Amino acid sequence: MRTIERILRILRRNETPVTDPTFATYYSMLVSEAGSGVPTVEEARRDFESVRRLIDRAFVA
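Presented here is an overview of the structure given in this document. Given the structure is predicted, the values throughout are model-derived calculations rather than measurements.

### Some remarks on the packing of aromatic side chains
Okay, step 1: Across all of its chains, the model carries four aromatic pairs by this definition.
Okay, step 2: Aromatic pair F23 and Y26: ring centres 6.0 Å apart, planes at 45°, arrangement tilted. Linking F23 with Y26, this pair stays in helix α2 (residues 21-33), spanning three residues, or about one helical turn.
Okay, step 3: We classify F23 as buried; its relative accessible area is 0%.
Okay, step 4: The class for Y26 is partly exposed, based on a relative accessible area of 30%.

Right under this line is the structure:
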C-alpha cells in the first residue's frame, strides 16, 4: 500500500497530469522497483519519449 501512496504522491506533485496510460504504467513500475534515486516525472517522460520515438520509427520502417 505504501508503494501506491508513494506513486500517487510523486505523480501529484507534477504540474502536468499524467494522461498517457503507457507512460503511467512505465513510471509506476519504475518507482515501485527502484528503492531510491528515482528520476522525476519530467526526466522519466523525456527518456520515455525518446525511446518511444525510436520504437515507432523501427515499426514504421
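### Here we look at the side chain of D20
Okay, step 1: Within the secondary structure layout, D20 lies in the loop between α1 (2-13) and α2.
Okay, step 2: What makes D20 buried here is its relative accessible area of 17%.
Okay, step 3: Those residues within four positions of D20 in sequence are excluded, and the remaining contacts are R45, F48, E49 and R52.

### Considering the nonpolar core
Okay, step 1: In terms of nonpolar packing, the biggest core is built from eight residues, these being I7, I10, F23, Y27, V31, V41, A44 and F48.
Okay, step 2: Leave out the neighbours within four places in its chain, and F48 touches D20, T22, F23 and Y26.

### Some points on a nonpolar patch on the surface
Okay, step 1: A grouping of V51, I55 and F59 is seen on the molecular surface, where their side chains present a nonpolar patch of about 330 Å² in accessible area.
Okay, step 2: Here I55 shows up in helix α3 (residues 41-60).
Okay, step 3: We classify I55 as partly exposed; its relative accessible area is 41%.

### Concerning the pattern of salt bridges
Okay, step 1: Throughout the structure, instances matching the rule amount to three salt bridges.
Okay, step 2: A salt bridge links R52 to D20; its shortest N-O distance comes to 2.2 Å. You can see R52 sitting in helix α3 and its partner D20 sitting in the loop between α1 and α2, a full 32 residues away along the chain.
Okay, step 3: Of the charged contacts, one joins R52 and E49 as a salt bridge, the two residues approaching to 3.5 Å between their closest N and O atoms. Residue R52 and its partner E49 are both found in helix α3; the two are separated by three residues, about one turn of the helix.
Okay, step 4: The class for R52 is partly exposed, based on a relative accessible area of 25%.

Rules used throughout
Residues numbered from 1 in each chain as written. Predicted model: local features only at pLDDT ≥ 70, side-chain atom pairs only at ≥ 80, totals over all residues. Heavy atoms only, no water. Phe/Tyr/Trp six-rings, centres within 6.5 Å; stacked < 30°, edge-to-face > 60°. Helix = DSSP H or I, 4+ residues; strand = E, 2+ residues; numbered from the N terminus. Buried < 20%, exposed > 50% of the residue type's maximum accessible area, 1.4 Å probe, protein only. Contact = heavy atoms within 4.5 Å. Core = buried A, V, L, I, M, F, W, Y, C linked by side-chain atoms within 4.5 Å. Patch = residues over 30% accessible without salt bridge, like charges linked within 9 Å, V, L, I, M, F, W, Y side chains within 5 Å. Areas by Shrake-Rupley, 256 points an atom, 1.4 Å probe, with all protein chains shown as cover. Salt bridge = Lys/Arg side-chain N within 4 Å of Asp/Glu carboxyl O.

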